[in-house]
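What the coordinates show
Read off the chains here:
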Amino acid sequence: MFSRALKPVASVAVQNGAKFSTTSQKNFKVVVAGAAGGIGQPLALLLKQNSLVTRLALYDIAPVTPGVAVDLSHMDTPAQVTGHKGPEQLAAAVECADLVVIPAGVPRKPGMTRDDLFNTNASIVRDIADCVAKNAPKAIMAIITNPVNSMVPIASEVLKKAGVYDPAKVLGVTTLDVVRAAAFIGEINCVDPTTVKIPVIGGHSGVTIIPVLSQSCPAVNLTDQGKIEALTKRIQEAGTEVVKAKAGGGSATLSMAYAGARLACAVLRGLKGDSDAVECAYVKSDLTEATYFANPVQFGPNGVEKNLGYGELNDYEKELLKAAIPELLKNIKTGENFANK
């Protein structure tokens, strides 16, 4: 998927219309905060191959972080890699960044919900957001750290306090839900999953994940409502499927890194000026009662350029949305309360 010619000068891979590597018309600095972890290392690997990335700063508290940077620096792609270890080096990592991707935090283990991760991960995202506010206030923040539904409000509140908040530049990475939905539909339809276009809206946990199967292109080869509901449930609980399969050895890391790289690429293509840089993301929103909501957005030179909404839902999807809103409201309030305590 990410193979390239010996000289990485042109587009080499497309997924659902989104290019992972494009001709370098502009150069960008990307930071991976949490770069030594299970998501961070493969995410950094994929970003090192993106020709829009000319500077790749890897940050983590883990002692191995400088070694990860050296390892990646031996790849024959143009991006210059730097490693930054510990809180005292975070500012140097973040300084002058165009995009800060945040997979930092503890992973989910069997029996844990995303909410169980909150106490540990909330302070991590808060501190990174504070550093971004001081050292790269115009950077776009793409938050992978769970629970995403609460982490995005935390980052937003921190930036508000610092007087540098721009709702177009703070987003939660929900791309993995889209990737999973396309993969599962590809299996059902016996088609290449890269040809499947499917919006997944709402949030990034349990009932807040709403795959809009009625808008799938091609249409899902399911007519039985029970099977449609089963597929919806599988998409909603796909993270748990991975956690159980790894038997205590971690959560979704490789697929999350892939999804994070895809979202990062869309953001960078938008910054470059491409007019078709569209992905689902969890952003500040007035489309529902929830003040943050995930749906397709178009990226541009200043981040989220246009919220594309979620279109028409069928009766079943309307019920899913109705069930999701109270949970989203609770998650958002939890994040805001943490940031403002």
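Residues numbered from 1 in each chain as written. Predicted model: local features only at pLDDT ≥ 70, side-chain atom pairs only at ≥ 80, totals over all residues. Heavy atoms only, no water.

**Looking at the environment of Asp98**
For the record, the criterion: Only DSSP runs of H or I covering at least 4 residues are called helices, and only runs of E covering at least 2 are called strands; the numbering of each starts at the N terminus. Note on definitions: a residue-residue contact is assigned when non-hydrogen atoms from the two residues lie within 4.5 Å. Polar contacts here mean pairs of N or O atoms no more than 3.5 Å apart (in protein, one a potential hydrogen donor and the other a potential acceptor; neighbouring residues in sequence count only if both atoms are side-chain atoms).
Secondary-structure assignment places Asp98 in the loop between helix H3 (90–94) and strand S6 (99–102). Spatially, the C-alpha atoms of Asp98 and Ala261 are 15 Å apart, while their sequence positions differ by 163 residues. With sequence-adjacent residues up to four places away left out, Asp98 is seen in contact with Asn27, Phe28, Lys29, Ala139, Ile140 and Leu271. Within polar-contact distance, the side chain of Asp98 engages the backbone nitrogen of Lys29 at 2.8 Å.

**What to know about the packing of helix H5 (residues 148–162) against helix H10 (residues 315–340)**
The following threshold applies: Angular values range over 0 to 180 degrees, each being the angle between N-to-C directions of two axes fitted as lines to C-alpha atoms, with helices fitted over their stretch in contact. In this scheme the handedness of a crossing depends on how the near helix is turned from the far one: anticlockwise by less than a right angle means left-handed, clockwise means right-handed. Classification convention: Asp, Glu, Lys, Arg as charged; Ala, Val, Leu, Ile, Met, Phe, Trp, Tyr, Cys, Pro as nonpolar; all other residues, Gly among them, as polar.
One way to put it is that H5 packs onto H10 with a least axis distance of 7 Å and a crossing angle of 40°. Taken as a pair, H5 and H10 cross one another with a handedness that is right-handed. Residues Asn149, Ser150, Pro153, Ile154, Glu157 and Lys161 of H5 form the contact with H10, whose own contacting residues are Leu328, Asn331, Ile332, Thr334, Gly335, Glu336, Phe338, Ala339 and Asn340. The residue inventory of the contact of H5 with H10, partitioned by class, reads 6 nonpolar, 6 polar and 3 charged.

**Description of the domain arrangement of the chain**
Under the convention used in this document: For each domain, the first and last residues come from an automatic or database assignment. Throughout, the accessible surface (probe 1.4 Å) given up by two parts as they are put together, summed over both, is called the buried area. One speaks of a salt bridge when a side-chain nitrogen belonging to Lys or Arg is within 4 Å of a carboxyl oxygen belonging to Asp or Glu.
You can read the domains of the chain as domain 1 (28–173) and domain 2 (174–340). On a C-alpha basis, the centroid separation for the pair domain 1 and domain 2 is 21 Å. Facing 45 residues of domain 1, the contacting portion of domain 2 comprises 50 residues. Taken together, both faces of the contact between domain 1 and domain 2 bury some 3,800 Å²; the carbon and sulfur share is 69%. Inspection of the region where domain 1 meets domain 2 yields 0 salt bridges. The interface formed by domain 1 and domain 2 holds 12 residue pairs in polar contact (both at pLDDT 80 or more) in total. The element that contributes the greatest number of residues to the side of domain 1 that touches domain 2 is H5, accounting for 9 residues. Tallied by class, the residues present in the side of domain 1 that touches domain 2 amount to 28 nonpolar, 8 polar and 9 charged.

**Observations regarding the pattern of salt bridges**
Any two side chains of opposite charge can pair if their charged atoms end up close together. Just so we agree on the cut-off: The buried label goes to any residue with under 20% of its type's maximum accessible area, the exposed label to any with over 50%, and the partly exposed label to all in between, with areas taken from a 1.4 Å probe on protein chains only.
All chains considered together, the criterion is met by 10 salt bridges. Among the ionic pairs, Asp127 bridges to Arg126, the shortest N-O distance being 3.1 Å. Residue Asp127 is classed as partly exposed on the basis of its relative accessible area of 42%. According to the relative accessible area criterion, Arg126 is partly exposed, its value standing at 31%. Where Lys134 meets Asp130, a salt bridge forms, and the shortest distance between an N and an O atom there is 3.0 Å. Of this pair, Lys134 and Asp130 both sit in helix H4 (residues 118–135), 4 residues apart, roughly one helical turn. Residue Asp130 is classed as partly exposed on the basis of its relative accessible area of 30%. What you see here is one network of salt bridges that share partners, running through Arg269, Lys272, Asp274 and Asp276.

**Here's the deal with the UniProt feature "domain: Lactate/malate dehydrogenase C-terminal" (unreviewed entry) in the chain**
Applied cut-off: UniProt positions are given in the numbering used here, feature names are shortened, and annotations may be inferred rather than shown by experiment.
Taken from the UniProt record, the annotation "domain: Lactate/malate dehydrogenase C-terminal" (unreviewed entry) applies to residues 174–338. Its end C-alpha atoms 22 Å apart, residues 174–338 is made of 47% helix and 16% strand.

**What about the pairing of S6?**
The cut-off we apply is this: DSSP-based pairing: two strands are paired if at least 2 bridges between them are found.
The alternating pattern of S6 places Leu99 and Val101 on one face and Val100 and Ile102 on the opposite face, and all of these are buried. Two strands pair when backbone bridges link them, and S6 and strand S7 (residues 140–143) are joined in this way by 4 bridges, in the parallel orientation. In the strand pairing of S7, Leu99 is matched with Ile140.

**A short note on the packing of aromatic side chains**
The geometry of an aromatic ring pair comes down to the distance between the two centres and the angle between the two planes. Quick note on the threshold: Under the pairing criterion, centres of Phe, Tyr and Trp rings, with the six-membered ring standing for Trp, must be within 6.5 Å; the plane angle then separates stacked pairs below 30 degrees from edge-to-face pairs above 60, leaving the rest tilted.
Applying the stated criterion across every chain, the model contains 3 aromatic pairs. Aromatic side chains Phe118 and Phe338 sit 5.6 Å apart centroid to centroid with 85° between the ring planes, which places their arrangement in the edge-to-face category. Of the two residues, Phe118 is situated in helix H4 and Phe338 in helix H10; the sequence distance between them amounts to 220 residues. Under the relative-accessibility criterion, Phe118 is labelled buried at 9%. Assessed through its relative accessible area of 10%, Phe338 is described here as buried.

**Regarding the UniProt feature "binding site: substrate" (unreviewed entry) in the chain**
Within this structure's numbering, the places UniProt gives as "binding site: substrate" (unreviewed entry) are Arg108, Arg114, Asn146 and Arg180. Of the residues examined, Asn146 reaches a relative accessible area of 18% and is grouped as buried.

**Observations concerning the side chain of Ser285**
If you trace the backbone, Ser285 turns up in the loop between strand S11 (278–284) and strand S12 (292–300). The contact partners of Ser285, leaving out residues within four places of it in the chain, are Ala290, Thr291, Tyr292, Phe293 and Asn307.

**Thoughts on the packing of H4 against H5**
Two elements in contact, H4 and H5, have axes whose closest approach is 9 Å; the angle formed by their N-to-C orientations is 35°. For H4 against H5, the interelement crossing comes out right-handed. Along its contact with H4, which presents Phe118, Asn121, Ala122, Val125, Arg126, Ala129, Asp130 and Ala133, the element H5 presents Ser150, Met151, Ile154, Ala155, Val158, Leu159 and Ala162. Of the residues belonging to the contact of H4 with H5, the class tally is 11 nonpolar, 2 polar and 2 charged.

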